[in-house]
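A closer look at the structure
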Amino acid sequence: MRKVVVTGMGCVSGLGADKTITWDSLVAGKSAIRPISLSPEGERELCFAGAAAPAVPDALRNLAARYEDKQLNVDLFSNFAAAATLEALEDSGIWGDAANLSDAAIIYGSASGGNAAMEAGYARLFLSRLNNVHPLTIPRLMNSAAASHLSMLFGIRGHCLAISSACASSAHAIGEAMHFIRSGRSSIVITGGSDASLTFGSLQGWKALQAMAPDMCRPFSIDRKGMVLGEGAATLVLEDEKHALKRGARIYAEVAGAGSTSDAAHLTQPNADRAAAAIRAAHADAQLDEDAPILFSAHGTGTRLNDRSEASAFQLAYPSSASKHVVIATKSAHGHMLGATGAMEFVIAILALTKQTAPPVLGFLGPDPECDLPLALKPTKLSCHAAVSASFAFGGLNSVLIAKTPNSG
Amino acid sequence: MNVERELQTLIGKKVKTHLEAGTKLMDAGLDSLDVIELAFDIEDRFKVQLPQIGTELISFTYGDLCRLVEKQLEAKADHALVAPAATIS
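About the cut-offs
Residues numbered from 1 in each chain as written. Chains lettered and ligands numbered in written order. Predicted model: local features only at pLDDT ≥ 70, side-chain atom pairs only at ≥ 80, totals over all residues. Helix = DSSP H or I, 4+ residues; strand = E, 2+ residues; numbered from the N terminus. Rg over C-alpha atoms; globule rule 2.2 N^0.38 Å. Buried ≥ 20, exposed ≤ 12 C-beta atoms within 10 Å, placed from the backbone. Contact = placed C-beta atoms within 7 Å. Pairing = 2+ DSSP bridges. Axes fitted to C-alpha atoms, helices over the stretch in contact; angles between N-to-C directions. Nonpolar A, V, L, I, M, F, W, Y, C, P; charged D, E, K, R; others polar. Parallel < 35°, antiparallel > 145°, perpendicular 65-115°, else oblique.

**Some thoughts on the overall build of chain A**
Tallying secondary structure elements over chain A gives 14 helices and 15 strands in all. Radius of gyration (C-alpha) of chain A: 20 Å, near the 22 Å computed for a compact globule of 409 residues. Judged by the C-alpha coordinates and their principal axes, chain A covers about 65 × 50 × 40 Å. Looking at chain A as a whole, 58% of its 409 residues are labelled buried. Taking the intrachain contacts of chain A between residues at least 6 apart in sequence as the baseline, contacts between residues at least 24 apart amount to 80%.

Set out below in structure tokens:
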């Protein structure tokens, strides 16, 4: 079986415009979550969120320096994807390499697509009482817009697919990308995910679910009050190991396994058994013993139900080894990036493996007896060769990814 | 309102080409989607409704486009003059 490796990574979020700033912020315990105002007409709705707005100028400046304005005339979620992908391609050494890019594939996730494009259309129709919307409304809002944007912008001409599975979208995308390379269908796949859902309408949708925290995201903490929205994108360049070695690429990690299950039960209420089954499936695929020490990047939304269920899943999956592992939950720093979050957390998990350091869980007020996990509450030295990154999405869609340090078997 | 200057600005969002009256929009580098977006921008900027000519606009010259917009602006002005009388009667 072909080995799949990561040769490039990029990300943009409230934490910053690239992975270096992101990592430095994470280990320094900085959170991007702060009060912001969202409204179709002005400052009307205050909420706490991990807004990427401060990072947008830097992220888009890099794009604008290389591409024409006209090419960037898309929804923000597509340009987030482009910014993260530009960083990943440059990192991998294939940006501008027409032959390798032309043969590459794209498998990219988004949960929400172009929220801003859709809401701008509604604002014209229902607020301004106009009877038309911008002609690019549909091409900007479709969930595959980011994948197409990447293809057109970077000249990637192979298989191009968008995956939408709520908050597991980009985790599923990375898993599928791994299988795509394993099966020999492409030597390089550009994968990850993007979402830009900090819009007034999207916020109302999340608030209506009563899932939002009034201030901070406090994964697995006593008195946690819910999730906090974030936004942005994360991209990984996945490559057949032989192809990567042949061109002398730097290898960050091996994408060693993926496991996915569905709950077949409830739209929003998670199921610990099926989440544990996805963790076990990923371990089996990666041929990684459950007792081997790992870094576990939790989905950790900070909602009462999800965190409790995830803690149960963790105990079910690691019945005799839970205390050997280190658990991180970085939504406390970047917010819930929805369809981008699985890729963002996988990038962070790989950086943590590379640096053998776990970034701390933020906002922790004290242990919850229902969430008995070995949490990293301060930057923690690691001594492990594998990271497990979990995404448990609405609709009961579970996706778990495993990365191993290069040459660790 | 200077129609030519406003149109140059709107088209300038798409292409940087200098436009002569006889320059066809397609020769200036606009594609089929660009002209649909341009028609939308013109309607928003000038508060007029263009005829539903869709992508046929691409074969217009810049001069044709200026005349079309001026014609729509004149029609709007005429309508504004007639409308109050109609209301009174």
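**With respect to the pairing of strand 9 (residues 253-262) of chain A**
Moving residue by residue along a regular strand, the side chains alternate between the two faces of the sheet. All names here are of chain A. In terms of residue burial, strand 9 counts as a mostly covered element, since nine of its ten residues are buried. Of the pairings in the sheet, the one linking strand 1 (residues 4-12) to strand 9 comprises two bridges and is antiparallel in character. In the sheet register, V6 faces strand 9, and the bridge partner there is A253. Note that strand 9 and strand 15 (residues 397-404) share eight bridges and pair antiparallel. Note on strand 15: the bridge partner recorded for T261 is N398.

**Considering the packing of helix 8 (residues 169-182) of chain A against helix 14 (residues 341-355) of chain A**
Residue and element names in this part refer to chain A. Between helix 8 and helix 14, the least distance of the axes is 5 Å, while the angle of their chain directions is 65°. Note on element contacts: helix 14 touches helix 8 through G342, A343 and F346, opposite S169, S170, A171 and I174. Split by residue class, the contact of helix 8 with helix 14 holds four nonpolar, three polar and no charged.

**Quick look at the sheet that holds strand 7 (residues 229-230) of chain A**
Residue and element names in this part refer to chain A. Read from one edge to the other, the open sheet built from three strands follows the order 2-3-7, with strand pairing classed as mixed. Whereas interior strands pair on both sides, the edge strands pair on one side only; in this sheet they are strand 2 (34-38) and strand 7. Sheet analysis places strand 3 (residues 45-50) next to strand 7, joined by two bridges and oriented parallel. When the bridges of strand 7 are listed, A49 appears paired with L229.

**What to know about the sheet that holds strand 1 of chain A**
All names here are of chain A. One open sheet accounts for ten strands, arranged 5-4-6-8-1-9-15-14-10-11; its pairing is mixed. Unpaired on one side and paired on the other, strand 5 (160-163) and strand 11 (326-328) mark the two borders of the sheet. Going from strand to strand, the sheet's axes swing by 25° on average, the running direction of each strand aside. Where strand 10 (residues 295-297) meets strand 14 (residues 386-393), three bridges bridge the pair, whose relative direction is parallel. Residue pairing across strands places F296 opposite V388, the latter belonging to strand 14. On the sheet, helix 8 packs against strand 1, strand 4 (105-109), strand 5, strand 6 (188-195), strand 8 (232-240), strand 9, strand 14 and strand 15 and is oriented at approximately 175° with respect to strand 6.

**Considering the interface of chain A and chain B**
Taken together, the contact pairs four residues of chain A with four residues of chain B. A per-class count over the side of chain A that touches chain B returns two nonpolar, one polar and one charged.

**Here's the deal with the packing of helix 2 (residues 56-64) of chain A against helix 3 (residues 76-92) of chain A**
Residue and element names in this part refer to chain A. Contact pair helix 2 / helix 3: the axes reach a minimum separation of 9 Å and the direction vectors enclose 70°. Viewed along their axes, helix 2 and helix 3 adopt a mutual orientation that is roughly perpendicular. Contacts between helix 2 and helix 3 involve A59, L60, N62 and L63 from the first element and N79, A82, A83 and L86 from the second. Broken down by class, the residue content of the contact of helix 2 with helix 3 amounts to six nonpolar, two polar and no charged.

**Comments concerning the environment of S170 of chain A**
Residues and elements named next belong to chain A. The residue S170 is located in helix 8 in this model. Classification of S170 as buried rests on a count of 39 C-beta atoms within 10 Å. Distance from S170 to L125, taken between C-alpha atoms, is 32 Å for residues 45 residues apart in sequence. Not counting the four nearest positions on each side in its chain, S170 is found in contact with G109, G192, G193, A234, G339, A340, G342 and A343.

**A closer look at the environment of V361 of chain A**
Residue and element names in this part refer to chain A. Mapped onto the elements, V361 comes out in the loop between strand 12 (357-358) and strand 13 (380-381). Spatially, the C-alpha atom of V361 lies 29 Å from that of N115, the residues being 246 residues apart in sequence. Discounting residues that sit within four places of it in the chain, V361 has contacts with P219, I328, A329, S332, L375, A376 and L377.

**Details of the pairing of strand 15 of chain A**
Residues and elements named next belong to chain A. Burial runs high along strand 15: eight of the eight residues are buried. With burial as the criterion, each face of strand 15 is covered, one bearing L397, S399, L401 and A403 and the other bearing N398, V400, I402 and K404. Pairing analysis gives eight bridges linking strand 14 to strand 15, with the strands arranged antiparallel. In the sheet register, A386 faces strand 15, and the bridge partner there is K404. Following strand 14, the chain reverses through three residues before pairing antiparallel with strand 15; G395 in that reversal takes a positive phi of roughly 85°.

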